[in-house]
Amino acid sequence: MDFMIEVNHQRIKTNGIWLHVAEKGTGPLVLLLHGFPELWYSWRHQIEYLAENGYHVVAPDLRGYGDSDAPLNPNSYTIFHIVGDLIGLLDHFGQQKAYVVGHDCGAVAGWNLSLFRPDRVIGPVNLSVPYFPRSPTTKTTEAIRQIFGEGSHVIQFQEPGRAEKAFARYDYMTVMKKFLLTTNNLIAPPDMELIDYLETQSSLPAWLTEEFIRVFAKKFEESGFTGPLNYYRAMDL
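Residues numbered from 1 in each chain as written. Predicted model: local features only at pLDDT ≥ 70, side-chain atom pairs only at ≥ 80, totals over all residues. Heavy atoms only, no water.

S.K.: Which residues make up the sheet that holds strand E1 (residues 8-14), and what values go with them?
M.R.: The six strands lie next to each other as E1-E2-E4-E3-E5-E6, forming an open sheet whose pairing is mixed. Taken across any chain shown, the strands that pair with only one partner, and hence form the sheet edges, are E1 and strand E6 (121-127). Taking the axes of each pair of neighbouring strands and ignoring which way they run, one obtains an average angle of 25 degrees across the sheet. Here strand E3 (residues 29-33) runs beside strand E5 (residues 98-103); their pairing, made up of four bridges, is parallel. Counted as the bridge partner of Leu33 is Gly102 from E5. Packed onto the sheet, helix H3 (residues 105-116) meets E3, E5 and E6 and runs at close to 145 degrees relative to E5. (Pairing = 2+ DSSP bridges. Helix = DSSP H or I, 4+ residues; strand = E, 2+ residues; numbered from the N terminus. Axes fitted to C-alpha atoms, helices over the stretch in contact; angles between N-to-C directions. Contact = heavy atoms within 4.5 Å.)

S.K.: Outline the packing of helix H2 (residues 79-92) against H3, supporting the account with residue identities and numerical values.
M.R.: Put simply, H2 and H3 touch, their axes get as near as 9 Å, and they point 80 degrees apart. In this view, H2 runs roughly perpendicular relative to H3, as classed from their interaxial angle. In contact with Ile79, Phe80, Ile82, Val83, Leu86 and Ile87 of H2, H3 contributes Val108, Ala109, Asn112, Leu113 and Phe116. Class assignment of the residues belonging to the contact of H2 with H3 gives a composition of ten nonpolar, one polar and no charged. (Parallel < 35°, antiparallel > 145°, perpendicular 65-115°, else oblique. Nonpolar A, V, L, I, M, F, W, Y, C, P; charged D, E, K, R; others polar.)

S.K.: How would you explain the nonpolar core if you had to name every residue and give the values?
M.R.: In a soluble, globular protein the nonpolar side chains are often hidden away together inside. Leu32, Phe36, Ile47, Leu86, Phe157, Phe167 and Phe179 are the most contacted members of the largest nonpolar core, which totals 68 residues. Among the elements that make up this core, the one with the highest residue count is H2 (seven residues). Taken domain by domain, this core gets at least three of its residues from each of domain 1 (1-132) and domain 2 (138-236). Ile47 has contacts with Ile5, Val7, Lys24, Leu32, Trp40, Val57 and Ala59, leaving out every residue within four places of it along the chain. (Core = buried A, V, L, I, M, F, W, Y, C linked by side-chain atoms within 4.5 Å. Buried < 20%, exposed > 50% of the residue type's maximum accessible area, 1.4 Å probe, protein only. Domains from an automatic or database assignment.)

S.K.: Give me the lowdown on the pattern of salt bridges, citing residues and values where you can.
M.R.: If you walk through the whole model with that rule in mind, you get 14 salt bridges. Here Arg162 ties to Glu193 by a salt bridge, and the two come within 3.0 Å at their closest N and O atoms. Here the residue Arg162 occupies a position in helix H6 (residues 162-167), and Glu193 occupies one in the loop between helix H7 (172-180) and helix H8 (194-197), the gap between them amounting to 31 residues. The exposure class assigned to Arg162 is partly exposed, which follows from its relative accessible area of 27%. Glu222 is paired through a salt bridge with Lys219; the nearest N and O atoms lie 3.1 Å apart. In this pair, Glu222 and Lys219 are both assigned in helix H9 (residues 210-223), three residues apart and thus about one turn of the helix distant. A cluster of three or more residues bridged by salt bridges with shared partners is formed by Asp67, Lys218, Lys219 and Glu222. (Salt bridge = Lys/Arg side-chain N within 4 Å of Asp/Glu carboxyl O.)

What follows is the structure, given as structure tokens:
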């Protein structure tokens, strides 16, 4: 049986959209920002631990994910939109400042919140993706293309509909397993779709269960992948 916790679920109006959040505890505010392709549920262990140790924990489904609103246009996923969403959450809970913990795309959101509004951040924690500044002369996608080539997941995700079409060749459980359990760099060989390149592991590690993956698969089956993929499509905006 997977690890289950009791949390307060609510949808909050912020920055023109509705965000779903899981919330628990009292004390200093901690924002937990998930990555791709994940949900608030990624933080279920940390929510429990932090709440038990004197923190007010808020873990949103970021814009485009899960039970939050998912605009279809990539123009609605610039870092200004994402940071605006988070400022709205702080305002909703009446908190001037928060600790901000981000993983993957959530780390990008966290460090940009810290850069744009240092007055609203006690301290940031970045997981998986280290801080890198935007180049004044080279687009982010071009820099990634130069380093990793056309097979990089960032480059493959740029074209609207391409990744969605490739993902659709597999059931949602398989897609989630391919991403959550990959031991390869997210770089496909020439003329191969990344989702086809990623292996499907035959067994799960001790820290991951079928129940956990099923939570993700069910929610992505409901909401689709376009919102999450739009983060990559908005990188240069």
